[in-house]
Number of protein chains: 2
Amino acid sequence: MTTPAPSQVATRMAREVAEQPAAARRTLDHLLPQRERLRSLGAGRRRVLMVARGSSDNAAIYGRYLLEVAAGVPAGLAAPSVATHYGAHLDLSDTLVVSVSQSGATAEIVETQQWARRCGAATVAVTNVAGSALAAEADVALVTQAGPELAVPATKTYLTQVLALAVLADALGADLGDALARVPDAVASLLDSDVTDAARALASADEVVVSGRGLLLGTALETALKLEETCLRPVRGYSYADLRHGPISVVTGGVLAVLVAAADGPLAQPMEELADDLRARGARILGIGGTTAFAGRCDVHLAGPDLPEVVAPIASIVPAQLTIERLARDLGLDPDNPRGLAKVTRTDAP
Amino acid sequence: MTTPAPSQVATRMAREVAEQPAAARRTLDHLLPQRERLRSLGAGRRRVLMVARGSSDNAAIYGRYLLEVAAGVPAGLAAPSVATHYGAHLDLSDTLVVSVSQSGATAEIVETQQWARRCGAATVAVTNVAGSALAAEADVALVTQAGPELAVPATKTYLTQVLALAVLADALGADLGDALARVPDAVASLLDSDVTDAARALASADEVVVSGRGLLLGTALETALKLEETCLRPVRGYSYADLRHGPISVVTGGVLAVLVAAADGPLAQPMEELADDLRARGARILGIGGTTAFAGRCDVHLAGPDLPEVVAPIASIVPAQLTIERLARDLGLDPDNPRGLAKVTRTDAP
């Protein structure tokens, strides 16, 4: 039996990245009709609390900003150990708790959802597995239609989670109009991005930092996490503000800064200024998305989606996914099975 | 005029670290009598939202856990750009917003507090400057009594912020009993920690990660931030769970893991297990605090405070401060004026 060379067959990760337009279409078709149920469930609840870890946590960060910015609903991220280890009793009778887990089987997330119900919360599960414990026990299950994901790095399950959270925000008051319907085509149009130079810039960097802000912060953190997990390189992900608040002092020559930006919105111009500052400190810039002026400040630039800022983060991860898959192969790694990662993550030892 | 060699005079940072027992006593004396006003202000408010950046954000993370775990009050961290850039309108009439800023002058934090008032929140400012905008505009100002802090790295202002948040939690229902009163002596007893080996271990590491969990998470993140800002070394700070959820795969030989733990509480044993796991991957362990069994797993260990977990984080930062001050000098850096940092941080360009 011969094993084909990596260049001869697409990796599973590459195939799953390419399936995303279809996965997004199926997910929209499946979830948009559930908005009425979500509206009913959310009626009388004053805020949303997200429960997630890892890539799902990065999706939840987008969900949090979108709910606050576009739906006017106070939102935040739960600290699962408050439930699982401290067993705190909080009054969550005014709260809609949204638990996000690709497998729906991560014990910590399932336990935290059970705790939230005991605390009086209404619950929504966002998961890719219809029969999972998380889905079965939630008041409403938003089951993403990514199909089975075989590569360890979450790609189509992440993108459809982010999409599900946008559907939730739309149901709870964000008027996303026809922007959601434009997402699948926007994802498709990014699939033929030429990531050769981006992968090369990452391969030659001494150190990598990733930053974004506001609605795009989750995308930046997901880019950092995927880069670290898939390419086994230490990468630091920072919010724009946290980066400026101190760690920017360690940015010097040899650093590659990956900046993820939107083409519109109140943070588009601050991201241009961040690029200027980082360049002045000697960093090279790999930019994804942003304004034309932002693109002009980048040493290497990948186009972002043609979507407004409120939904851009659903698609903005695509150029990063392509770059990371390519970089892993360039480094002689198998993007489908990075060392030391299991598909269902256990936070605690058994 | 001759400049004395660094070894001949204590740095400002070292002096300010040593002032902390007195600063803690003054702060307790000043703030404990304000608990009744805090209780009145919090009456009818269902949750607490913290507003902070940088070191203050790390203090706020402790405050969030303490409020949920010990006072049963749902708490979370605000995303300031939701206020300052997106100008979202949220109904915060059920919310107590706690803004934390050493200077009380960080524009982003002051603006976010003003936004919170417009959204109907009751407001508490935690700051070291009595006449600051943040203090003047809050319903209740908790002014920490650290005195002027001249070294750029926040030490006594951070410790007294954390203490102020514990006073707030006590007022809102956490029964901290006499534990608060024991803090100043516990801080004092840590000041003569021998940090020689700890600084040496950090100096010789190829890479440093810092981790902690639950009530101690803020201490771990503050340790990472201070190490990065003061010693100009890239350091990654992770929650225990986030570390396990992926980035642990890049931990190999050459990594020094700094683990901050409590001697009691539900996370004491998981921290022992984390130390085992990291050692099995080839990392060396610098431990601060924790159980006796935890200490036995560390290559280098610094004692933590003799305090219960709920208030241990007020003092657990002290061994880290001493180590960082020493490391900076060992590296030939000036701990009082690390490159590229200003005392009042501006998040956005003017």
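The rules behind these values
- Residues numbered from 1 in each chain as written.
- Chains lettered and ligands numbered in written order.
- Predicted model: local features only at pLDDT ≥ 70, side-chain atom pairs only at ≥ 80, totals over all residues.
- Heavy atoms only, no water.
- Helix = DSSP H or I, 4+ residues; strand = E, 2+ residues; numbered from the N terminus.
- Buried < 20%, exposed > 50% of the residue type's maximum accessible area, 1.4 Å probe, protein only.
- Domains from an automatic or database assignment.
- Contact = heavy atoms within 4.5 Å.
- Buried area = accessible area lost by both parts, 1.4 Å probe.
- Polar contact = N/O pair within 3.5 Å; in protein donor to acceptor, adjacent residues only side chain to side chain.
- Nonpolar A, V, L, I, M, F, W, Y, C, P; charged D, E, K, R; others polar.
- Salt bridge = Lys/Arg side-chain N within 4 Å of Asp/Glu carboxyl O.
- Arc of directions from axis to C-beta.
- Pairing = 2+ DSSP bridges.
- Axes fitted to C-alpha atoms, helices over the stretch in contact; angles between N-to-C directions.
- Phe/Tyr/Trp six-rings, centres within 6.5 Å; stacked < 30°, edge-to-face > 60°.
- Lys NZ or Arg CZ within 6 Å of the ring centre and 35° of its normal.
- pLDDT = per-residue confidence, 0-100.
- Least-squares fit on C-alpha atoms with pLDDT ≥ 70 in both.
- Right-handed = clockwise from strand over helix to strand, strands pointing away.
- Parallel < 35°, antiparallel > 145°, perpendicular 65-115°, else oblique.
- Left-handed = near helix turned anticlockwise from the far one by under 90°.
- Lys, Arg positive; Asp, Glu negative; His and termini not counted.

(A) Structural detail: unusual backbone geometry. All names here are of chain A. Here Leu232, not a glycine, exhibits a phi torsion of approximately 55°, which is positive. The topology assignment puts Leu232 in the loop between helix H11 (217-231) and strand S7 (235-239). A residue is classified by how much of its surface remains accessible, and Leu232, at 19% relative accessible area, is buried.

(B) Summary view of the domain arrangement of chain A. Residue and element names in this part refer to chain A. For chain A, the assigned domains are domain 1 (7-181) and domain 2 (190-330). Computed over C-alpha atoms, the centres of domain 1 and domain 2 are 24 Å apart. Taken together, the 26 residues of domain 1 in the interface contact 24 residues of domain 2. In total, about 2,000 Å² of surface goes out of reach between domain 1 and domain 2, with carbon and sulfur atoms giving 74% of it. Linking domain 1 with domain 2 are six residue pairs in polar contact (both at pLDDT 80 or more). Mapped onto the side of domain 1 that touches domain 2, the elements with two or more residues apiece are helix H1 (12-18), helix H2 (20-31), helix H4 (54-70) and helix H8 (156-171). In terms of residue count, the dominant contributor to the side of domain 1 that touches domain 2 is H4 (eight residues). Counted by class, the side of domain 1 that touches domain 2 contains 20 nonpolar, six polar and no charged residues.

(C) Here's a closer look at the side chain of Lys156 of chain A. Residues and elements named next belong to chain A. Mapped onto the fold, Lys156 is located in helix H8. Within the structure, Lys156 has its side chain in polar contact with the side chain of Glu19 (distance 2.6 Å). Excluding residues that lie within four positions of it along the chain, Lys156 makes contacts with Glu16, Glu19, Gln20, Ala146, Gly147, Pro148 and Glu149.

(D) Expanded view of the interface of chain B and chain A. Contact residues are listed per partner, giving 63 residues for chain B and 63 residues for chain A. At the boundary of chain B with chain A, total buried surface from both sides reaches about 5,200 Å², with 55% on carbon and sulfur atoms. Counting across the interface, chain B meets chain A through six salt bridges. For the salt bridge of Asp91 of chain B with Arg46 of chain A, the shortest nitrogen-to-oxygen distance reads 3.3 Å. Linking chain B with chain A are 16 residue pairs in polar contact (both at pLDDT 80 or more). Looking at the side of chain B that touches chain A, the elements that each hand over two or more residues are helix H4 (54-70), helix H5 (80-84), helix H11 (217-231), strand S7 (235-239), helix H12 (240-244) and helix H13 (268-280) of chain B.

(E) Spotlight on helix H9 (residues 183-190) of chain A. All names here are of chain A. Burial in H9 covers these residues: Val183, Pro184, Ala186, Val187 and Leu190. Take H9 and look down its axis: the buried residues cluster within an arc of 165°, on one side only. Looking at the packing, one finds that the buried side of H9 touches H2, H8 and helix H15 (312-330).

(F) Molecular detail of the sheet that holds strand S2 (residues 75-77) of chain B. Residues and elements named next belong to chain B. Overall, parallel pairing links the five strands, which are arranged S2-S1-S3-S4-S5 in an open sheet. Of all the strands in the sheet, just S2 and strand S5 (140-143) have a single pairing partner and so form its edges. Between one strand and the next, the sheet's axes are offset by a mean angle of 20°, whatever the strand orientation. Of the strand pairs in this sheet, strand S1 (residues 47-51) and strand S3 (residues 95-100) are connected by five bridges, and their pairing is parallel. What sits directly across from Met50, in S3, is Val98.

(G) Structural context of the packing of aromatic side chains. If you walk through the whole model with that rule in mind, you get zero aromatic pairs over all chains. Taking NZ or CZ as reference, Arg64 of chain B lies 6.0 Å from the ring centre of Tyr65 of chain B, over its face.

(H) Structural view of the confidence of the model for chain A. In the predicted model, chain A carries a mean pLDDT of 92, and the fraction of residues at 70 or more is 93%. Here residues 1-6 of chain A scores under 50 on pLDDT; set against residues more than four positions off or in separate chains, the count is one contact.

(I) Geometry of the environment of Ala328 of chain A. Residues and elements named next belong to chain A. Looking at the secondary structure, you find Ala328 in helix H15. Taking the C-alpha atoms as reference points, Ala328 and Thr144, separated by 184 residues in sequence, lie 27 Å from one another. Filtering out sequence-adjacent residues up to four positions away, Ala328 remains in contact with Thr230, Cys231, Leu333 and Pro335.

(J) Structural detail: the relation of the copies chain B and chain A. By a simple turn and slide, chain B fits onto chain A: the slide is 0.0 Å along the axis, the RMSD is 0.0 Å, and the turn is 180°. In short, the pair behaves as if placed about a two-fold rotation axis. A symmetric contact is evident, with 100% of the interface residues of chain B recurring at the interface of chain A.

(K) Fine view of the pairing of S7 of chain A. Residue and element names in this part refer to chain A. Where burial is concerned, most of S7 is hidden: four out of the five residues are buried. Sheet topology note: the strand S6 (residues 207-212)/S7 ladder contains five bridges and is parallel. Looking at the pairing, Val210 lines up with Gly237 of S7. A crossover connection joins S6 to the parallel S7 through H11; in handedness this β-α-β unit is right-handed.

(L) Region of the structure containing the packing of helix H3 (residues 35-42) of chain B against helix H8 (residues 156-171) of chain B. Residues and elements named next belong to chain B. Interhelical geometry of H3 versus H8 gives an angle of 60° and a closest axis separation of 8 Å. It follows from the interaxial angle that H3 and H8 lie oblique. Considering the relative orientation of H3 and H8, their crossing is right-handed. Note on element contacts: H8 touches H3 through Val167, Leu168, Asp170 and Ala171, opposite Arg35, Leu38 and Arg39. Considering only residue class, the contact of H3 with H8 consists of four nonpolar, no polar and three charged.

(M) View of the pairing of strand S8 (residues 255-261) of chain B. Residues and elements named next belong to chain B. Counted residue by residue, S8 has seven buried out of seven residues, so it is predominantly covered. The side-chain alternation of S8 yields two buried faces, one formed by Val255, Ala257, Leu259 and Ala261 and the other by Leu256, Val258 and Val260. Of the pairings in the sheet, the one linking strand S6 (residues 207-212) to S8 comprises five bridges and is parallel in character. What sits directly across from Ser211, in S8, is Leu259. Relative to strand S9 (residues 284-289), S8 runs parallel, the two being bridged by six bridges. By the bridge assignment, Val260 is partnered in S9 with Ile288. Considered for its hand, the β-α-β crossover made up of S8, H13 and S9 is right-handed.

(N) Representation of the pattern of salt bridges within the structure. Tallied over the full model, the rule gives 34 salt bridges over all chains. Asp170 of chain B serves as the salt-bridge partner of Arg35 of chain B, at 2.5 Å between the closest nitrogen and oxygen. In this pair, Arg35 of chain B is assigned in helix H3 and Asp170 of chain B in helix H8, connecting sequence segments 135 residues apart. With its nearest N and O atoms 2.9 Å apart, the salt bridge here joins Glu108 of chain B to Arg53 of chain B. Of the two residues, Glu108 of chain B is situated in helix H6 (residues 107-118) and Arg53 of chain B in the loop between S1 and H4; the sequence distance between them amounts to 55 residues. Judged by its relative accessible area of 7%, Glu108 of chain B is buried. Using a relative accessible area of 11% as the deciding quantity, one classes Arg53 of chain B as buried. Each of Arg46 of chain A together with Asp91 and Asp94 of chain B takes part in a single network of salt bridges with overlapping partners.

(O) Examining the side chain of Asp57 of chain A more closely. All names here are of chain A. You can see Asp57 is positioned in helix H4. It is Arg53 that comes nearest to the buried, bridge-free Asp57 among opposite-charge side chains, at 6.0 Å. Beyond its immediate chain neighbours, meaning those up to four positions away, Asp57 contacts Ala52 and Leu77.

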